[in-house]
Amino acid sequence: MKPGPKPRLDYDAKSAQAALMNRKRAAERDIEIDFSRQDLRRRKRYENRPERFLKIYFPHVFYLPFSPDQKKNIKAISEKMLFGGLKAIAAPRGSGKTSIMKGLLVWGFCYGHIHWAVWVEANQEMAQDSLSDLWATFELVIGDDLFGADFPEYCGPIRAIEGESQRTRSQTFAMERTRMKKGQSKIILPTIDSGNTPNGTPALGGTIQAFGAEKAIRGLVKQGIRPDFAAVNDIETEDSAKSPTMTETIRRNIVNGILGLGGPGVKFGAGMLCTIIRRGCVADMFTDRTKYPQWQGERMKMLTANPASPEMWTKYIDKRQREQRAGGSDCREADAFYRSNKKEMDRGAAVSNKKIFDNAPGTDGKPKEISALQHIYNLIADRGMEYFLCECQNDPPESVGDAVEIESHIIEDKCNGLARGMIPGWVERVTGFIDVHDDKLFWAVMAWKQGFIGYIIDYGVDRVHSPIAGTSTKNERRKQVELAIVDAILRFGDRINLGWPVAGKPDNRLADIILVDAGYKDVAVYSACKRFSGGSWRPAKGGSSRSGAYTSPKPSNTIRRISPGFHFSYLPEKKI
C-alpha cells in the first residue's frame, strides 16, 4: 500500500473546523427568494400610477371603487412624495384615509420615491400599531398575492423571518446582509443589490419611524441623510382636541418638529390626512388656508348637497329613534318609510361616495341600508347632528362644548301621561321641597315608589312679598323679609295641605314629608314649620361641615341617624 499524502505543516484542524462551521451557519442564514412569478411589465406599469397600484396589489383592502374625493387624496399625497411640499386634507371619518396613507407609503418605498418616512399619529401607541400594520403588508400572503409575486425582494426577506424579529440581524441573501430591522417604533425594509436578483430588481431599504403627535420630533439625521416624507395621520383624539394645551402642543410639534425634518435644498414632503373634531382643533387650523396657506388645506364632506325634502328625513329619524327605544334593532318601519319615499327623499341630495353604506342583511334578510344617503341619516339619527357636522362634514358648529342637547324624545319618555297635579295609582310616598329666597319660593312635589322611581306631580314659583330695598333700615328690612317668608310658606301650605287626587282612587293623598330649605333664613323657616301639625313639615339643611359635604354625626339623645346620607335632629333651643 502506498503511503497517503503528508499533512501540511501549516494545517490547523481547529481553525479549519471553525471555518467550516462559519460557512455552514452563513449558508443557513442565507435565504432563498422566489422570483418565478415576478411580472416586470405589470410592476413597471404602476410605478407612477399609485391609484392603480393600490387596486391591483391590495384588492382585499380597496375592494370598492375609489370615490372622486379618494382619488384626489391619492393624487395629492403621492405628488408630495414625488415632488415635495405640504398638503392637509380633512376627510370624513370612515373614508379610508388611513388605509390610503399606508398603501401610498408602500408604493413610495417599493419604487424608491421615498427612502425615510416618519409616521405621526395621535399618540405613540396608535402610531406603533400602524407601523406594525405596515410591516404586515409585506409579511402576509393574501389571495393571489400579486404584491408578493412582483416585489419578492421586499416580501421574501420579511416573510422568511416567520415573525421572529431577532432573525433580521443575521439574515443574508446571496451571502450579503439584508440589513432589515423590526422594532416597535422603527422598521427598516430589506436592502438587496440588483446584481443579486435574476431580473435586476433591487430592494432599496427604507426606514419608517413612528411618533406620537404629543411628543417633539428632533434630530433625525443619519450620516447626513434626513427623512424625505412625513405621513401625518389622524393626529388628534376627542380628548386632545378638547384640551387647548394639547392642541397647542401638537400644533407646535408640527410647525417646529415635523417641518424641520427636511434638510436645506433637499426634497421633503408631508401629507396630513385628518378629520376635524371641533373648532380650533389642529385639523381645523391646518386645513384653514387663511392660517396655514403653505399646507394647501382642503376639506371634504360626506353629504355634498342637502336633500330637497328635509322634513321627510326628520320623520325618518324620528321613526328610527322610536323603534330603537322600543327595542327594535333593524328599524324596519323607518326603512320601509324610506323605501316607499326614496325618490322624493333622494331628490336634490348628493354624496361624496355612493358606495359607503351597510348592505349586509338584517334579521329579516333584507339589506340594512340601500343607499349612502340613508347611511348618512342613520349616522345623524344614531350619533347626533354634532357628530355628523364634525366627523362627516368637517364643518363643526362654532360652539361645540360639553353641554348635552335636550331632545324632544327625552322629555316625552319622562312623562307619566297624567294631568298636572294627579298622582299615579302606584304611589308609595309623596315628598315636597321648598327652596327659600328673599323674593321667591321655588317648590316641587314628587311621587315615589321603591327603586327610586318617581315623577314630578307639581312645581312652581310663589312670590314672597318682601319690602323694596331702600325703603327701610337694614334691621327693619331683615325682620320684614322674615315675616314675608313666613307668610309665603303658610299661604303655600294652605294649598299643598289639601293634597292631590290619585288616579283611580276617590280620596286625595297628602304629602308624607315637606322639606323646607333652612340654610338661609332659618328663624323664619322654623317659625313657619311649627305652624303645621303632624310633623310632616321639616326644616332641612344640606351638609354639616364648612365645605358643605355631609358627615354623619354620632348618635345622641337629640340625633336620630337615618342613613349614611341624612339624619333627623331635634333642636331643643328651637323646640323643633
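Per-chain numbering applies: the sequence of each chain, read as written, is numbered from 1 onward. At least 70 in pLDDT is required for a residue's local features to be given in this predicted model, at least 80 for side-chain atom pairs to be given and counted, and no such filter applies to totals for whole chains, interfaces and linings, which use all residues. Each side-chain value is derived from all of the structure's non-hydrogen atoms; neither hydrogens nor water enter the calculation.

Peer 1: Describe the overall build of the protein chain, listing the residues and the values that go with them.
Peer 2: In terms of helices and strands, the protein chain carries 19 helices and 23 strands. Throughout, the radius of gyration refers to the C-alpha atoms, and the reference size of a globule is 2.2 Å times the residue count to the power 0.38. Taken against the 2.2 N^0.38 rule, which gives 25 Å for 576 residues, the C-alpha radius of gyration of the protein chain at 37 Å runs more than 25% over that of a compact globule. Taken along its principal axes, the extent of the C-alpha atoms in the protein chain is 135 × 70 × 55 Å. Buried residues in the protein chain amount to 43% of all 576 residues. Considering only contacts in the protein chain between residues 6 or more positions apart, those separated by 24 or more positions represent 64%. Per element, the accessible surface of the protein chain, about 31,500 Å² overall, is 52% carbon and sulfur. Here a strand is any run of E in DSSP of at least two residues, a helix any run of H or I of at least four, and the numbering for each starts at the N terminus. Only protein chains enter the accessibility calculation, which uses a 1.4 Å probe; a residue is then buried when its area is under 20% of its type maximum, exposed when over 50%, and partly exposed in between. By the convention used here, residues are in contact when the closest approach between their heavy atoms is within 4.5 Å. Residue burial considers only the protein chains on display, and all accessible areas are found by Shrake-Rupley using a 1.4 Å probe.

Peer 1: Let's hear about helix H4 (residues 68-83): which residues, and what values?
Peer 2: By this rule, a helix spans an expected 1.5 Å times one less than how many residues it contains. With 16 residues, H4 extends 22 Å between its outermost C-alpha atoms, agreeing within 8% with the 22 Å of an ideal straight helix rising 1.5 Å per residue. Listed as buried for H4 are Asp69, Gln70, Asn73, Ile74, Ala76, Ile77, Ser78, Lys80 and Met81. Looking at the buried residues of H4, the elements they touch are helix H3 (50-57), strand S1 (85-90), helix H5 (97-110), strand S10 (229-233) and strand S11 (269-274). Gly84 lies just past H4 and shows a positive phi near 85°.

Peer 1: Run through the pairing of S10, naming residues and quoting values.
Peer 2: Both faces of the sheet carry side chains from a regular strand, because those side chains alternate between them. Among the five residues in S10, five count as buried, and that is most of the element. Of the two faces of S10, the one carrying Phe229, Ala231 and Asn233 and the one carrying Ala230 and Val232 are both buried. With four bridges joining them, strand S2 (residues 116-121) and S10 adopt parallel strand pairing. Each bridged residue has a counterpart across the sheet, and for Val118 the counterpart in S10 is Ala230. As paired strands, S10 and S11 are joined by five bridges and run parallel to one another. Looking at S11, one finds that Asn233 is bridged to Leu273. Here, any two strands with at least 2 DSSP bridges between them count as paired.

Peer 1: Lay out helix H10 (residues 244-257) in plain terms, naming residues and giving numbers.
Peer 2: The end-to-end C-alpha distance of H10 is 19 Å, a good match for the 20 Å that 14 residues give at a rise of 1.5 Å each. Looking at the buried side of H10, the elements it contacts are helix H9 (238-242), S11 and helix H11 (282-286).

Peer 1: Outline the nonpolar core, supporting the account with residue identities and numerical values.
Peer 2: One finds Phe53, Leu105, Phe138, Phe147 and Phe229 to be the most contacted residues of the largest nonpolar core, which totals 50 residues. Broken down by secondary-structure element, the contributors of at least two residues to this core are H3, H4, H5, S2, helix H6 (124-139), helix H8 (152-160), strand S9 (207-212) and S10. Ranked by residues supplied to this core, first place goes to H5 with eight residues. One finds Ile423, Val516, Val525 and Phe532 within the second-largest nonpolar core, a separate group that totals 33 residues. To define a nonpolar core, start from buried Ala, Val, Leu, Ile, Met, Phe, Trp, Tyr and Cys residues and group those joined through side-chain atoms within 4.5 Å.

Peer 1: If you had to explain a positive patch on the surface to someone new, which residues and values would you point to?
Peer 2: Excluding any residue in a salt bridge, patches collect residues exceeding 30% relative accessible area, merging like charges within 9 Å and nonpolar Val, Leu, Ile, Met, Phe, Trp and Tyr side chains within 5 Å. Here, a salt bridge means any side-chain nitrogen of Lys or Arg that lies within 4 Å of a carboxyl oxygen of Asp or Glu. Counted charges follow a simple rule, with Lys and Arg positive, Asp and Glu negative, and His plus the chain ends left uncounted. All charge positions are set by atom: Lys at NZ, Arg at CZ, Asp at CG, Glu at CD. Among the surface-exposed residues, Arg41, Arg45, Arg49 and Arg52 lie close enough to one another that they form a single positively charged patch. Mapped onto the elements of the fold, Arg41 is located in helix H2 (residues 40-45).

Peer 1: Report on the pattern of salt bridges, specifying residues and quantitative values.
Peer 2: Two side chains carrying opposite charge are able to pair once their charged atoms lie near each other. For the coordinates displayed, the defined rule picks out 32 salt bridges. Of the charged contacts, one joins Lys44 and Glu47 as a salt bridge, the two residues approaching to 2.7 Å between their closest N and O atoms. Among the ionic pairs, Asp346 bridges to Lys342, the shortest N-O distance being 2.7 Å. Placement of the pair is Asp346 and Lys342 together in helix H14 (residues 342-346), with a separation of four residues, close to one helical turn. Among the charged side chains, a salt-bridge network with shared partners connects Arg93, Lys97, Asp234 and Glu391.

Peer 1: Now, about the packing of aromatic side chains: what can you tell me, with residues and values included?
Peer 2: The rule is short: rings of Phe, Tyr and Trp, with Trp giving its six-membered ring, pair when the centres are within 6.5 Å, and they are stacked under 30 degrees, edge-to-face over 60, tilted in between. Within the structure shown, the criterion is met by 25 aromatic pairs. When the centroid spacing of 6.3 Å and the interplanar angle of 70° are considered together, the rings of Tyr316 and Tyr338 count as edge-to-face. With Tyr316 in helix H12 (residues 310-325) and Tyr338 in helix H13 (residues 332-340), the pair connects residues that are 22 residues apart, well separated along the chain. Of the residues examined, Tyr316 reaches a relative accessible area of 1% and is grouped as buried. For Tyr338, a relative accessible area of 0% corresponds to the buried category. On the basis of an interplanar angle of 45° and a centroid distance of 6.1 Å, the ring pair of Trp426 and Tyr455 is categorised as tilted. Highlighted residues: Trp426 in the loop between helix H17 (408-414) and strand S15 (429-436) and Tyr455 in strand S17 (residues 453-463), separated in sequence by 29 residues. Here Trp426 falls in the partly exposed class, since its relative accessible area comes to 31%. Using a relative accessible area of 24% as the deciding quantity, one classes Tyr455 as partly exposed. An aromatic cluster is built from Tyr46, Phe53, Tyr57, Phe58, Tyr111, Phe138, Phe147, Phe151 and Tyr154, whose rings are joined through pairwise contacts. Two conditions define a charge located above a ring, namely a distance within 6 Å from the ring centre to NZ of Lys or CZ of Arg, and an angle within 35 degrees of the ring normal. The positively charged end of Arg420 is found above the aromatic ring belonging to Tyr459, 4.6 Å away from the centroid.

Peer 1: Give a description of the packing of H12 against helix H15 (residues 372-383) that names residues and reports values.
Peer 2: Where H12 meets H15, the axes come as close as 10 Å, and the angle between the chain directions of the two elements is 60°. Taken together, the axes of H12 and H15 lie oblique to each other. Note on packing geometry: the crossing formed by H12 with H15 is right-handed. Residues Trp313, Tyr316, Ile317, Arg320, Gln321 and Gln324 of H12 form the contact with H15, whose own contacting residues are Leu373, Gln374, Tyr377, Asn378, Ile380, Ala381 and Asp382. Looking at side-chain class alone, the contact of H12 with H15 contains seven nonpolar, four polar and two charged residues. Here the axes come from fitting lines to C-alpha atoms, over the contacting stretch only for helices, and the angles between their N-to-C directions go from 0 to 180 degrees. Comment on the angle field: the value is read as roughly parallel under 35 degrees, roughly antiparallel over 145, roughly perpendicular from 65 to 115, and oblique elsewhere. Each helix crossing is assigned a hand: it is left-handed if the near helix lies turned anticlockwise from the far helix by less than a right angle, otherwise right-handed if that turn is clockwise. Residue polarity follows a fixed list, in which Ala, Val, Leu, Ile, Met, Phe, Trp, Tyr, Cys and Pro are nonpolar, Asp, Glu, Lys and Arg are charged, and the others, Gly among them, are polar.

Peer 1: Let's hear about the sheet that holds strand S16 (residues 440-449): which residues, and what values?
Peer 2: Strands sit in the order S17-S16-S15-S20-S21 across an open sheet of five strands; the sheet is mixed. Of all the strands in the sheet, the pair left with one neighbour each is S17 and strand S21 (537-540). Between one strand axis and the next, the sheet turns through 20° on average, direction left out of account. As paired elements, S15 and strand S20 (residues 513-517) share four bridges and run parallel to each other. Bridge pairing in S20 places Thr431 opposite Ile513. Seen against the sheet, helix H18 (residues 474-496) touches S15, S16, S17, S20 and S21 and runs at an angle of roughly 35° to S16. The sheet strands contacting helix H19 (residues 522-530) are S15, S20 and S21, and the helix crosses S21 at an angle near 165°.

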